[in-house]
Amino acid sequence: MDLSFGVAGPGRVGMSLAKAFASAGLSCAGVYGGTHAKARAAELGVRHFNEPLGLVAAADVIFICVPDRFINEAAESMAKAAAQAGLDVCGKYFYHVSGSAGLDELAPLKALGAETGSLHPLQSFAAPVKSLAGIGMAVDGSAKAQELGFKLARLSGAAAFKVPQKERALYHAAACFCSNFTVTVTALAEKLLLRWTEDEETAHSREEKGGRHASAARRFYERRFSLTKPQLCIMLYMGIILSGIKGENYERYARICEKFEKRVCGAECHQLPDRRHA
């Protein structure tokens, strides 16, 4: 496949895509965006762009790997830069990698004639990986973006499948239950067992299949890998509900969650529903 690609937002997912597609034979034109972009470019051995226009001009396919709330902002900055420079983006492909965001986030680029879509690797990324082989890859977008998206997924060794835009929320919920919820419930079970055991090792050993898995889950949970802050707050409230805690203990744990939410999440959680009475 004779295509070059670029990454806007070389974080855990962006670096994983860059490494996987480069290993599959595609040429990486460079990366842009983020505090550590220059260092990430050096790690990959590719060019670092200081502004979005350079990346858009150099790559045939651009992966927008920024947090969901910044996808539209990134798309607007690229579209604005291209328009002001008179750069024709027709024939270029732009994909966001969110599991829940819709295609409308890329509307500024679509308005200029670009092909837009989404390519979501169904995996939690605690750290960048070198291969996407064997994982699921949700694809959506314009007809041409879908066609290329399936080809890119297969090229990386991933199993591609289509998720229509109207079902994105349901798909993302399923992904959270499979990954984040499972880890959180396992970690919560271990924490609850500490109430009736003498030490952590005893609690670990009481977990099904031994402490090694529980300990890994606990570390995953406590360090909050692959969880957004709002998701983490939801996990905490879900943990209270799933554990069956009621009465005074419920109120005590709920107050702890509320303090955590205000201190850690701040404005990011202001639109979440009232979980204490869900």
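(A) Here's a closer look at the overall build of the chain. Looking only at helices and strands, the chain features 11 helices and 8 strands. Expressed as a percentage of its 278 residues, the buried residues of the chain come to 44%. Of all intrachain contacts in the chain linking residues separated by at least 6 positions in sequence, the fraction that spans at least 24 positions is 61%. By element, 53% of the accessible surface of the chain is carried by carbon and sulfur atoms, the whole surface being about 14500 Å².

(B) Main features of the environment of cysteine 65. Inspection of the secondary structure assignment puts cysteine 65 in the loop between β4 (61-64) and α4 (71-85). When the C-alpha positions of cysteine 65 and leucine 17 are compared, they lie 9.2 Å apart, and in sequence the two are 48 residues distant. For cysteine 65, the residues in contact, after removing those within four places along its chain, are Val7, Ala8, Gly9, Gly14, Leu17 and Val97.

(C) Main features of the confidence of the model for the chain. Per-residue pLDDT for the chain averages 79, and the proportion of residues at 70 or more is 65%. Long-range and interchain partners of residues 267-278, a stretch whose pLDDT sits below 50, account for 21 contacts in this model, where long-range means more than four residues apart.

(D) Summary view of the side chain of serine 98. When you line up the elements, serine 98 lands in the loop between β5 (93-96) and α5 (107-110). At a separation of 3.0 Å, a polar atom in the side chain of serine 98 contacts the side chain of aspartate 68.

The rules behind these values
- Residues numbered from 1 in each chain as written.
- Predicted model: local features only at pLDDT ≥ 70, side-chain atom pairs only at ≥ 80, totals over all residues.
- Heavy atoms only, no water.
- Helix = DSSP H or I, 4+ residues; strand = E, 2+ residues; numbered from the N terminus.
- Buried < 20%, exposed > 50% of the residue type's maximum accessible area, 1.4 Å probe, protein only.
- Contact = heavy atoms within 4.5 Å.
- Areas by Shrake-Rupley, 256 points an atom, 1.4 Å probe, with all protein chains shown as cover.
- pLDDT = per-residue confidence, 0-100.
- Polar contact = N/O pair within 3.5 Å; in protein donor to acceptor, adjacent residues only side chain to side chain.

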